[in-house]
Amino acid sequence: MRSSKSVLLSLFALLAVLLCAQPAWAHPGHPGHSFTDGFTHPFSGIDHLLAMVAVGLLAVRIGGKALWILPCMFLGGMFLGGILAAMGVPLPAVEQGIQASVLILGVLIALTQIVPLSIGAGLVALFAVFHGYAHAAEMASGNSWSAYAVGFLLATAILHFSGVAGGLTLNRWLSSKTVRLTGGLISLAGIFLVCGAL
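Here we summarise the structure given alongside this text. (Residues numbered from 1 in each chain as written. Predicted model: local features only at pLDDT ≥ 70, side-chain atom pairs only at ≥ 80, totals over all residues. Heavy atoms only, no water.)

## With respect to the packing of aromatic side chains
Under the criterion given, the structure shown has two aromatic pairs. Note on phenylalanine 39 and phenylalanine 43: the rings are 5.7 Å apart at their centroids and 55° apart in plane angle, and the pair reads as tilted. Accessibility expressed as a relative area gives 24% for phenylalanine 39, which makes it partly exposed. Owing to a relative accessible area of 38%, phenylalanine 43 belongs among the partly exposed residues under this scheme. (Phe/Tyr/Trp six-rings, centres within 6.5 Å; stacked < 30°, edge-to-face > 60°. Buried < 20%, exposed > 50% of the residue type's maximum accessible area, 1.4 Å probe, protein only.)

Listed below in structure tokens is the structure:
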């Protein structure tokens, strides 16, 4: 129990630092509005790509029900974030939340101790809101939000599946240390995102 509290405190401290950081503006705006635009967009942004795969890898690290709960939590949170953006509800620190998702999810994968499902699912859902908000806010007004959202959600689910499949493969043919190392590399990329280097 003590280790779970220390993990939570460390994550909150890291979030506080990230919220003070300058935004990298990884989402300058995308005019796409069709199903195809929504489907292809997640594959073009390094931040979203890394976060989606990280969700799958974290699900593998936690194991059991997490294999489907974490991807579902992300998809639901992302949809909620998109609705908030479409309604014009302001959400502060969106870019920092996206940067934090890459960094913190990578750290959670790399930890020697497996995070509890409740902490992992809660953070995944929280970060998903930022991702959904950013991508829905990028759409030009008057475009078909529903077609774009369906494409975007489908592509995100595919990336989650890739993370899960990749993590399970690494676990089976190499070791869980390889999954943890991959998490470390993702968190390193998150540091570069925070610094505005990517």
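## Quick word on helix 3 (residues 46-62)
The terminal C-alpha atoms of helix 3, which comprises 17 residues, lie 24 Å apart, in line with the 24 Å expected from a rise of 1.5 Å per residue. In terms of residue burial, helix 3 counts as a mostly covered element, since 14 of its 17 residues are buried. A positive backbone phi angle near 80° is found at glycine 63, which sits one or two residues after helix 3. (Helix = DSSP H or I, 4+ residues; strand = E, 2+ residues; numbered from the N terminus. Expected span 1.5 Å × (residues − 1).)

## Overview of the side chain of serine 187
As for its position among the elements, serine 187 is in helix 8 (residues 176-194). In this view, serine 187 contacts Val102, Leu103, Gly106 and Val107; residues no more than four positions away in its chain are not counted. (Contact = heavy atoms within 4.5 Å.)

## Here's the deal with the packing of helix 3 against helix 8
Relative to each other, helix 3 and helix 8 sit at 150°, their axes nearing to 10 Å. Relative to helix 8, the element helix 3 is oriented roughly antiparallel. Helix-helix and strand crossings are classified by hand; for helix 3 and helix 8 the assignment is left-handed. Mapping the contact onto sequence places Ile46, Asp47, Leu50, Ala54, Leu57 and Arg61 in helix 3 and Val179, Arg180, Thr182, Ile186, Ala189 and Leu193 in helix 8. A per-class count over the contact of helix 3 with helix 8 returns eight nonpolar, one polar and three charged. (Axes fitted to C-alpha atoms, helices over the stretch in contact; angles between N-to-C directions. Parallel < 35°, antiparallel > 145°, perpendicular 65-115°, else oblique. Left-handed = near helix turned anticlockwise from the far one by under 90°. Nonpolar A, V, L, I, M, F, W, Y, C, P; charged D, E, K, R; others polar.)

## Focus: helix 6 (residues 117-137)
For helix 6, built from 21 residues, the straight-helix expectation of 30 Å at 1.5 Å per residue is met to within 8% by its first-to-last C-alpha distance of 30 Å. Among the 21 residues in helix 6, 16 count as buried, and that is most of the element.

## Considering the environment of leucine 126
Tracing the chain through its elements places leucine 126 in helix 6. Along the backbone, leucine 126 and phenylalanine 74 are 52 residues apart, and their C-alpha atoms lie at a distance of 8.1 Å.

## Let's talk about a nonpolar patch on the surface
On the surface, Phe35, Phe43, Val150, Leu154 and Ile158 cluster together into a nonpolar patch covering about 410 Å² of accessible area. Counting residues per element, the nonpolar patch draws most heavily on helix 7 (residues 145-173), at three residues. Mapped onto the elements of the fold, phenylalanine 35 is located in helix 2 (residues 35-40). (Patch = residues over 30% accessible without salt bridge, like charges linked within 9 Å, V, L, I, M, F, W, Y side chains within 5 Å. Areas by Shrake-Rupley, 256 points an atom, 1.4 Å probe, with all protein chains shown as cover. Salt bridge = Lys/Arg side-chain N within 4 Å of Asp/Glu carboxyl O.)

## A word on the environment of serine 187
Taking relative accessible area as the criterion, serine 187 reaches 11% and is therefore assigned buried. For serine 187 and alanine 100, which are 87 residues apart along the polypeptide, the C-alpha to C-alpha distance reads 9.3 Å. Among the polar contacts listed, one links the side chain of serine 187 to the backbone oxygen of glycine 184, at a separation of 2.7 Å. (Polar contact = N/O pair within 3.5 Å; in protein donor to acceptor, adjacent residues only side chain to side chain.)

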